[in-house]
Amino acid sequence: MEEKEHINNTFKTPENYFSNFNNEIQIRIIEEQLKDKFGNKNPFSVPKDYFQNFSVELTKEAKRKTRVIQMLKPYISIAAGIIIVFGIWQIILSNIDKVNAVAEINDTTIIENNINFDNIEFDDLNENIDDYLADEDIIAVMDFEEEPELEIDVNVDEDEISEYLIDYTDEADFEEILASL
Amino acid sequence: MNSANTENKIDHLLKENDLQQAFNLIVENYKERLYWHIRKMVLLHDDADDVLQNTFIKVWRYLDKFNKDSKIFTWLFRIATNEAITFINKKKKKAEDSFTTYEHYLSNTLESDEYFNGDEAQLILQKAVLSLPEKQRIVFNMKYFGEVKYKDMSEILDTSVGSLKASYHHAVKKIEEFVKKY
């Protein structure tokens with residue numbers, strides 16, 4: 001039917017217009033029922049003269065944030081540096097852990113299983129290695145991906161640090177911290 | 001000054017690189033619209049005030065980087081929406097440490113909020129909206145209360161019209177279910 005109308009008509013409808021129509025109208029009906037029952041007027045209000053005074057308050061807030069940023073500036077660069085160094089250090093540590101874990105497999109498994117490389121054939125060796133790899137304890141040591149790793153984003157920039165400190169540090173507290181340094 | 005004239009004037013000031021005047025005009029003309037957009041998301045006045053101030057501070061900070069070919073209206077609403085979502089997520093994280101959810105806290109606070117003038121029916125509707133997932137809540141508020149067109153919403157939220165319609169349909173059905181209990 002839709003196709004036939006379409007052929008005889010110079011006008012077009014958006015794709016799936018008629019197939020979606022029932023759903024659209026059903027939603028409109030529910031929406032109208034909600035509006036009849038609850039309305040869609042704004043039930044919120046603001047304190048007296050809030051919008052008239054907003055620009056003044058905004059200027060005060062901007063000045064406060066600028067002041068905090070100026071006070072923080074020397075410390076932000078240091079903090080950014082520390083985070084980057086700490087991040088790199090963590091990456092190095094996690095790599096060392098992986099190397100140590102592999103070393104641990106070599107030492108402990110070989111000793112515990114009393115392997116004598118002189119007495120085994122190459123095929124036996126492969127078979128033995130398969131056996132060791134099937135051992136759950138060894139797999140647990142080797143399964144690095146399951147180990148929870150500390151997530152550190154080394155791409156933190158100075159803006160993000162300032163924002164964090166501004167959001168979470170009260171100016172009075174910050175001045176107190178500075179005084180104690 | 002109507003909306004189109006204001007946008008033209010702001011565009012002109014930005015092209016002239018008169019950022020201070022452009023900013024003043026932006027604050028004057030968009031503070032109320034942005035406030036109500038934010039308020040519907042965060043519900044409480046003090047929270048809306050915080051988010052609105054943060055929004056304008058961000059606008060001031062990045063005004064020189066604003067792409068002059070985009071619509072200022074879309075850009076402002078996008079910043080305000082992102083700021084509100086960031087604010088809500090921070091509150092949710094803080095609420096994780098207490099014995100209640102952020103939505104539950106809002107729902108209780110709303111009843112005694114001196115800046116909520118709604119009757120019982122409107123309170124029920126607000127509680128129903130609070131029960132929605134975040135994206136559906138934003139879309140429902142914009143469409144039902146703000147009567148924002150899907151096309152504008154699509155630019156602000158950077159989501160396709162089809163996906164917005166689907167979110168709104170789900171939201172309306174969930175709200176219908178929720179209010180049946182009352």
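Here the structure is a predicted model, which means the values were calculated and not measured.

### Some points on the overall build of chain A
Move 1: When helices and strands are counted, chain A shows seven helices and zero strands.
Move 2: Overall, chain A shows an N-to-C arrangement of helices and strands of α-α-α-α-α-α-α.
Move 3: With 181 residues in all, chain A has 18% of them scored as buried.
Move 4: Counted over contacts in chain A with a minimum sequence separation of 6, partners at least 24 positions apart contribute 80%.
Move 5: Of the roughly 14000 Å² that chain A leaves accessible, carbon and sulfur atoms contribute 54%.

### Some remarks on the interface of chain B and chain A
Move 1: Across the contact, 45 residues belong to chain B and 33 residues belong to chain A.
Move 2: Carbon and sulfur atoms supply 60% of the area that chain B and chain A bury against each other, a total of about 3600 Å² over both sides.
Move 3: Contact with chain A buries surface across chain B, with Q53(B), Y144(B) and H169(B) losing the most and accounting together for 17% of the total.
Move 4: If you look at where chain B meets chain A, you find one salt bridge.
Move 5: The salt bridge partner of E24(A) is K165(B), with a shortest N-O separation of 3.7 Å.
Move 6: Linking chain B to chain A there are 14 residue pairs in polar contact (both at pLDDT 80 or more).
Move 7: Where the side of chain B that touches chain A is concerned, the elements lending two or more residues are α2 (19–42), α3 (45–62), α4 (72–96), α6 (120–130), α7 (134–145) and α9 (161–180) of chain B.
Move 8: For the side of chain B that touches chain A, the element with the most residues is α3(B), which contributes ten residues.
Move 9: Classifying every residue of the side of chain B that touches chain A gives 22 nonpolar, eight polar and 15 charged.

### Quick notes on empty space enclosed by the protein
Residue and element names in this part refer to chain B.
Move 1: Taken as a whole and assessed by the stated rule, the structure comprises one cavity of 30 Å³ or more.
Move 2: Its boundaries defined by the atoms lining it, the largest cavity holds a volume of some 30 Å³.
Move 3: Considering the residues around the largest cavity, the lining is formed by M41, I88, E134, R137, I138 and N141.
Move 4: Element by element, the count of residues in the lining of the largest cavity is highest for α7, at four residues.
Move 5: Taken together, the residues of the lining of the largest cavity sort by class into three nonpolar, one polar and two charged.

### Concerning the confidence of the model for chain B
Move 1: Across chain B, the average pLDDT comes to 91, with 99% of residues at 70 or higher.
Move 2: The complex model carries a pTM of 0.67, and its ipTM stands at 0.83.

### Structural notes on the packing of α3(B) against α4(B)
Residues and elements named next belong to chain B.
Move 1: Relative orientation of the contacting elements α3 and α4 amounts to 130 degrees, with a least axis distance of 9 Å. As judged from the angle between their axes, α3 and α4 are oblique. Handedness of the α3/α4 crossing: right-handed. Counting all contacts with α3, which are made through D47, D50, V51, N54, T55, K58, V59 and Y62, the residues of α4 involved are W75, L76, I79, A80, E83, A84, F87 and K91.
Move 2: Here the residues of the contact of α3 with α4 sort into nine nonpolar, two polar and five charged.

### Concerning the side chain of T81(B)
Move 1: By the element assignment, T81(B) lies in helix α4.
Move 2: Leave out the neighbours within four places in its chain, and T81(B) touches H37(B), M41(B), I156(B) and L157(B).

### So, the nonpolar core
It is characteristic of soluble globular proteins that their nonpolar side chains tend to be buried jointly.
Move 1: If you look at the biggest cluster of nonpolar residues, it comprises 73 residues, and the most contacted ones within it are F56(B), I72(B), F140(B) and I175(B).
Move 2: In contact with F56(B), not counting residues within four places along its chain, are F54(A), L58(A), F23(B), I26(B), V27(B), Y30(B), K31(B) and L34(B).

### With respect to the pattern of salt bridges
Move 1: Under the counting rule described, the total for this entry stands at 17 salt bridges over all chains.
Move 2: For the salt bridge of R64(A) with E61(A), the shortest nitrogen-to-oxygen distance reads 3.4 Å. In this pair, R64(A) and E61(A) are both assigned in helix α3 (residues 50–112), three residues apart and thus about one turn of the helix distant.
Move 3: Put simply, E83(B) and K58(B) hold a salt bridge, and the shortest N to O gap is 2.9 Å. Pair noted here: E83(B) is in helix α4 and K58(B) is in helix α3, with a separation of 25 residues, a long-range link.
Move 4: Taking the relative accessible area as the measure of exposure, E83(B) reaches 13% and is therefore buried.
Move 5: Each member of the salt-bridge network shares a partner with another, and the members are K92(B), E103(B), E134(B) and R137(B).

### Focus: helix α2 (residues 17–38) of chain A
Move 1: Its 22 residues give α2(A) an end-to-end C-alpha distance of 30 Å, which sits within 8% of 32 Å, the value for a rise of 1.5 Å per residue.
Move 2: If you check which residues of α2(A) are buried, you get I27(A), I30(A), E31(A), L34(A) and F38(A).
Move 3: Here the buried face of α2(A) lies against α6, α7 and α9 of chain B.
Move 4: G39(A), located one to two residues past α2(A), shows a positive phi value of around 70 degrees.

### Section: unusual backbone geometry
Move 1: The backbone phi angle of N17(B) is positive, close to 65 degrees, even though this residue is not glycine.
Move 2: Its location among the elements puts N17(B) in the loop between α1 (3–15) and α2.

### Notes on the environment of T101(B)
Move 1: With respect to the element layout, T101(B) can be found in the loop between α4 and α5 (102–112).
Move 2: Taking relative accessible area as the criterion, T101(B) reaches 44% and is therefore assigned partly exposed.

### Topic: the packing of aromatic side chains
Move 1: A full pass over the atoms with the stated rule returns 20 aromatic pairs over all chains.
Move 2: Measuring from centroid to centroid gives 5.0 Å for Y17(A) and F18(A), while their planes differ by 75 degrees, and the two rings are edge-to-face.
Move 3: For the ring pair F51(A) and Y35(B), a centre distance of 5.2 Å and an interplane angle of 90 degrees mean the geometry is edge-to-face. Highlighted residues: F51(A) in helix α3 and Y35(B) in helix α2, drawn from two different chains. An identical accessibility class is assigned to F51(A) and Y35(B); each is buried.
Move 4: Ring pairs connect the aromatic residues Y50(A), F51(A), F54(A), F23(B), Y35(B), W36(B), F56(B) and W60(B), which therefore count as one cluster.
Move 5: In this arrangement the basic side chain of K143(B) is found over the ring face of Y150(B), its NZ or CZ atom lying 5.3 Å from the centre.

Criteria and cut-off values
What you see as residue numbers is a count from 1 along each chain, following the sequence as written. Chain letters and ligand numbers both follow the written order, the letters beginning at A and the numbers at 1. Whole-chain, interface and lining totals are the exception, using all residues; otherwise, since this is a predicted model, local features are given only for residues with pLDDT of at least 70 and side-chain atom pairs are given and counted only at 80 or more. The side-chain figures draw on all heavy atoms in the structure; neither hydrogens nor water molecules are used. Only DSSP runs of H or I reaching four residues or more are called helices, and only runs of E reaching two or more are called strands; each is numbered from the N terminus. Buried residues are those whose accessible area, probed at 1.4 Å on protein chains only, stays under 20% of the maximum for their type, while exposed residues exceed 50% and partly exposed ones sit between those limits. Two residues form a contact once any of their heavy atoms are found within 4.5 Å. Per-residue and other accessible areas were derived by the Shrake-Rupley procedure at a 1.4 Å probe size, with only the shown protein chains allowed to occlude residues. Here the buried area means the combined drop in accessible surface, using a 1.4 Å probe, for two parts upon being joined, counting both sides. By convention in these notes, a salt bridge is any Lys or Arg side-chain nitrogen within 4 Å of a carboxyl oxygen on Asp or Glu. In protein, a polar contact requires one atom able to donate a hydrogen and another able to accept it; more generally it is a pair of N or O atoms within 3.5 Å, and residues adjacent in sequence count only if both atoms are side-chain atoms. Classification used: nonpolar for Ala, Val, Leu, Ile, Met, Phe, Trp, Tyr, Cys and Pro, charged for Asp, Glu, Lys and Arg, polar for all others including Gly. A cavity, in this analysis, means grid points on a 1 Å lattice covering only the protein atoms where a 1.4 Å probe fits yet has no way out; a pocket is instead an open set bounded by protein on both sides within 12 Å along at least five of seven lines, and a residue lines either one if it has an atom within 4 Å of a point. Grid points are joined across faces, edges and corners, and a volume is the space filled by probe spheres set on the points. For every residue, the predictor states its confidence as a pLDDT score lying anywhere from 0 to 100. Only C-alpha atoms enter the line fits that serve as axes; for helices the fit covers just the stretch in contact. Angles between N-to-C directions range over 0 to 180 degrees. Orientation labels follow simple angle bins: below 35 degrees gives roughly parallel, above 145 gives roughly antiparallel, 65 to 115 gives roughly perpendicular, and whatever is left gives oblique. It is the rotation of the near helix from the far one that decides the hand of a crossing: anticlockwise by less than a right angle makes it left-handed, clockwise makes it right-handed. To define a nonpolar core, start from buried Ala, Val, Leu, Ile, Met, Phe, Trp, Tyr and Cys residues and group those joined through side-chain atoms within 4.5 Å. What a helix is expected to span follows from its residue count: subtract one and scale by 1.5 Å. For Phe, Tyr and Trp, where Trp contributes only its six-membered ring, two rings pair if their centres lie within 6.5 Å, and the inter-plane angle classes them as stacked under 30 degrees, edge-to-face over 60, or tilted in between. Consider the ring centre and the ring normal. A charge sits over the ring if Lys NZ or Arg CZ is within 6 Å of that centre and within 35 degrees of that normal.

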